[in-house]
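Per-entry structural report
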Amino acid sequence: MTQDQSAWMPDDAPEGVGGTRRRRAASDAGPPRFVDRFAPEDTVGADAPTGSAPHPDDDVDLTVRRAPTPTTPASFTSPAPGTPDGPTPDGPPPGANAPSSVRGPAGVPVFEAPASGPVRISVSSPGPIGEPAPGAARDGGMVPDPTPTGPQPTAPGRPATGPDAENSSVSPAEFPVPQVLPVPPASPGPPAPVPGAPSAIVSSPSGGPAAAAAVSAPATPATPAAPASASPTAAAPASASPTAAAPAAGGTSGQFAAMAASTAATGLRPRDGRKSFLSADTAVVPAETGLRGVLSRLGMRMPPSPAELSMREDVAAVSRHWPGPRTIAVANGKGGANKTPTTVMLAAVFARNGGAPVLAWDNNETRGTLGWRTEQGPHEATVLDLLPQTDALLAPSAQSALLARYVHHQTADKFDVLRSKPDVLATQQKVTSQDFDALHEVASKYFRLNVIDSGNDETAERWLRMIHHTDQLVIATTTLEEHAEAGALLLEALRARGGRYGELSERAVVVVSQSDKNGTQAQARAIADGFGDLARRAVTIPFDIALLKGRIRFSALRPATQRAWLAAAAAVSEGL
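Overview of the structure.

Procedures and definitions
Residues numbered from 1 in each chain as written. Predicted model: local features only at pLDDT ≥ 70, side-chain atom pairs only at ≥ 80, totals over all residues. Heavy atoms only, no water. Pairing = 2+ DSSP bridges. Helix = DSSP H or I, 4+ residues; strand = E, 2+ residues; numbered from the N terminus. Contact = heavy atoms within 4.5 Å. Axes fitted to C-alpha atoms, helices over the stretch in contact; angles between N-to-C directions. Phe/Tyr/Trp six-rings, centres within 6.5 Å; stacked < 30°, edge-to-face > 60°. Buried < 20%, exposed > 50% of the residue type's maximum accessible area, 1.4 Å probe, protein only. Lys NZ or Arg CZ within 6 Å of the ring centre and 35° of its normal. Parallel < 35°, antiparallel > 145°, perpendicular 65-115°, else oblique.

Turning to the sheet that holds strand β5 (residues 326-331), a few remarks are in order. In spatial order, the strands read β7-β8-β6-β9-β5-β10-β11-β12; together these 8 strands make up an open sheet with mixed pairing. Each having just a single partner strand, β7 (408-409) and β12 (537-541) make up the two edges of the open sheet. Relative to strand β8 (residues 416-418), strand β6 (residues 358-363) is paired through 3 bridges, and the arrangement is parallel. Note that in β8 the partner of W361 across the bridge is L418. In the packing of helix α10 (residues 433-446) onto the sheet, the strands contacted are β5, β6 and β9 (449-454), and the crossing angle to β6 comes to about 165°. Sitting on the sheet, helix α11 (residues 461-469) touches β5, β6, β9 and β10 (472-478), and the angle it makes with β6 is about 150°.

Moving on to the packing of aromatic side chains. Following the criterion strictly, the structure yields 2 aromatic pairs and no others. When the centroid spacing of 4.8 Å and the interplanar angle of 15° are considered together, the rings of W361 and F436 count as stacked. With a gap of 75 residues between them, W361 in strand β6 and F436 in helix α10 connect regions that are remote in the sequence. A single burial state applies to W361 and to F436, both of which are buried. We note R497 situated over the ring of Y501; from NZ or CZ to the ring centre the distance is 4.0 Å.

Further remarks concern the packing of α11 against helix α13 (residues 499-506). In contact at an axis separation of 10 Å, α11 and α13 are set at 75° when each is read in the N-to-C sense. Considering their axes alone, α11 and α13 lie roughly perpendicular with respect to each other. From α11, I467, H468 and H469 reach across to α13, where they touch R500, Y501 and L504.

This is the structure we're talking about:
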């Protein structure tokens, strides 16, 4: 629309009102109003209806009207200036108009990217809902520009012509749109259109029959618009992709750069080429044991000795929390092989350092002695009392405190004991595979670590189910030859079975306890070396009178024995 044209009035406006508005627009010498740019040409005639009330808007009727459902258009090619009218191989003659399906639904703004200059917006002429917009069948709703400026780029559609085209465009001066700076091309030449990609209709800001171009989403970053030339297939303007431009061909550095920038912004990792201000934790706690520890407490900060550093590493190993419960099985087919003291000591070391619930479970069907060697709680419950309550303890509403009725807490060593009932025959406390699975499920729900003291019958259902649930196998033995041989035969039998049993045998830990007070450390070391090809680790425990009989307490052991059990537990922890 130009300044010489009068403002548009609704078709049903009274004659007096319309005349007043036209006289006001004609006498206005100022620049055209912004809303007038969206008004179609004045079509009020003598046969227009009169007497209707004026539109509530004093300036313009912005009613949006819908065009028929578009169909897939055929491809058209814009002719170069001077080309005679007539049909072309790619589309209708130059004077023909593009179908409305190329333009899109009426009333929807279309961004127009020229070969050079700012982007502009076109709005199709409104029409009644459910009917084509005025002139849609005639010119497809496209907006021609008044004067041609030169050759236009090749396009799949043709511009619209008709009286409504001039009134439905916005000049760059009235509605400037910020331009996006073009991205340098990944390769010379304009990018080829991608078949099936979404397109946007573009036209030049000025000129005669404007050429409409379908700009496809590129597979590479958008390229700058090429200058117009006399060729009818001039380079298309900068791509207006509806999606973000993909990274340059041959790499995904843009995605990794964005991830690195996001990480650097959080301070978790410095940017490339910059040294982080955060340094690793290299602080060393002063010595706490031995003569160095005494000097440190007197104010002289002494570094820890290698022995103390090794002890700290073992403490850290047994203090870990694993993602889920773990089960340790202490086994040996020979009675008196120190299985019960090994169970108690491992449970005590893990509980005292880990700070999480640990259970020592007597899985012996023939008068197990775990209950005799540990502290008894305020009740006499055993595994037979717990078995009927497994369903209730597995319910979502069950509380961990309810389990205190069935286990015996060790106040000094911080673990719990599930006792067997040694005063009845084995036939009276038989535990089936299903029973053991239910008991193990309860134990795994309420404890992070289960240390199971096994019986001597390797054919019992409860023994086999224990091996099935085991994460780390521990072979307990003494320096007696028959105990060591029984442990070696068990490892060989498990390895011969293969599968999970073979894996447990290969990753097993052997704990060799000095059972003779007159024995030497060399004897225990010789037994441990004999398991070198059968197990992952073999550790030795010196003789300690506190382990010989009666109730077992970790604090009652000699310091050397405590250190040996800490090393044994650290070796077991490696397999969890």
